[in-house]
Amino acid sequence: MESVTMPNYSYVFKFEKDFDNFEKRQWMKENWIISFYYIGAYMLVIYGGQLYMQTRPRFELKIPLFIWNVFLALFSIWGAYRSAPELLYVLNQFGFRYSVCIPGPSFLDNRVGGFWNWMFTLSKVPELGDTVFIVLRKQPLIFLHWYHHVTVLLYAWYSYSDYIATARWFVCMNYLVHSAMYSYYALKALKFRVPRWIAMSITTAQLAQMVMGAAVNIWAYQVKQAGNECHVSYDNIKISLLMYTSYFVLFARFFRRAYVVNPKQTGSQPPKKGQESLAYEGKSTKGKLE
């Protein structure tokens, strides 16, 4: 494998410098199955919570929701800021194929990239808290929302110990999109009237993320089929491609219903002016997506 130097970071924090990639990979290899327990607890909480809230008034939770989304927005922004330099460096120095197939410094020498890949993987657990707010506020819980949370958590934990090169794309794209998404949610929590085009732009970015994720998997598959080096297994490619394809279909379906088709044609109610939301939050169609 070609040796590469690390991208130039203006400053490396001590917790990044001390990060042990190998130790964390070994831990995840032995313990990734724990993610199923998190999912089991998650499903019990959200559906048990819905039953509990059926006869009770909704909670407003304006300030807690704002704080929650600000925290996740800042985390995602910082994660993108620390992850993007490595992806851009590899693309610039070695090209697209290398970025898809060779893990390089992100997992070996570059402890900064390794640390933020680890943080991304772990963050899929607290992000399940998004659904708790939906349940307590008695908002529609659409299939896309909980399906996305469940599958991303399982896939991220399963893939971490596999040393996959495609992760540099998946992690960076997710950080970038979540930076905008959670910032949007924070503003909505304070009842700001965010322009409709912003919601549309974020959903479009989510769709683009799914297209790019599928493209990365297809490219990796073609490289392996040609007999060339590519650090991702066929099983991982198939699972990831299936996930990204299903996400694209679900996000596209939402986009069409929320922004393109006349509500009378779908039987859903249009969102009130200034109250449009994202597919992930599941508010703008008043629960009709199910």
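The name given to the chain in an unreviewed UniProt entry is Elongation of very long chain fatty acids protein, and the organism recorded there is Eriocheir sinensis. In UniProt, the chain has this text filed under Sequence similarities (unreviewed entry): "Belongs to the ELO family." The Subcellular location (unreviewed entry) field of the UniProt record for the chain holds the comment "Membrane".

**A look at the state of the cysteines**
Within this structure, the stated rule accounts for one disulfide. Disulfide pairing is shown between Cys101 and Cys230; the S-S distance is 2.0 Å. Between Cys101 and Cys230, the S-S dihedral sits near -75°, and the bridge is therefore left-handed. Taken together, the positions of Cys101 in helix H5 (residues 96-101) and Cys230 in the loop between helix H10 (196-225) and helix H11 (234-260) put the pair 129 residues apart, joining distant regions of the chain. Overall, Cys230 belongs to the buried group, its relative accessible area being 8%.

**Comments concerning the pattern of salt bridges**
This structure, assessed with the given rule, holds six salt bridges. Residue Glu60 is joined to Arg58 by a salt bridge in which the shortest nitrogen-to-oxygen separation is 3.0 Å. For Arg58, a relative accessible area of 39% gives the class partly exposed. One connected set of salt bridges, linked through shared partners, spans Arg58, Glu60 and Lys191.

**Looking at the packing of helix H6 (residues 111-123) against helix H8 (residues 143-160)**
For the pair H6 and H8, the least separation of the axes is 9 Å and the interaxial angle reads 145°. For the pair H6 and H8, the sense of crossing is left-handed. Facing Gly114, Asn117, Trp118, Phe120, Thr121 and Leu122 of H6, the residues of H8 in contact are Ala156, Trp157 and Tyr160. Here the residues of the contact of H6 with H8 are counted per class, giving six nonpolar, three polar and no charged.

The rules behind each value
- Residues numbered from 1 in each chain as written.
- Predicted model: local features only at pLDDT ≥ 70, side-chain atom pairs only at ≥ 80, totals over all residues.
- Heavy atoms only, no water.
- UniProt positions renumbered as here; feature names shortened; annotations may be inferred.
- Disulfide = S-S within 2.5 Å.
- Helix = DSSP H or I, 4+ residues; strand = E, 2+ residues; numbered from the N terminus.
- Buried < 20%, exposed > 50% of the residue type's maximum accessible area, 1.4 Å probe, protein only.
- Salt bridge = Lys/Arg side-chain N within 4 Å of Asp/Glu carboxyl O.
- Axes fitted to C-alpha atoms, helices over the stretch in contact; angles between N-to-C directions.
- Left-handed = near helix turned anticlockwise from the far one by under 90°.
- Contact = heavy atoms within 4.5 Å.
- Nonpolar A, V, L, I, M, F, W, Y, C, P; charged D, E, K, R; others polar.

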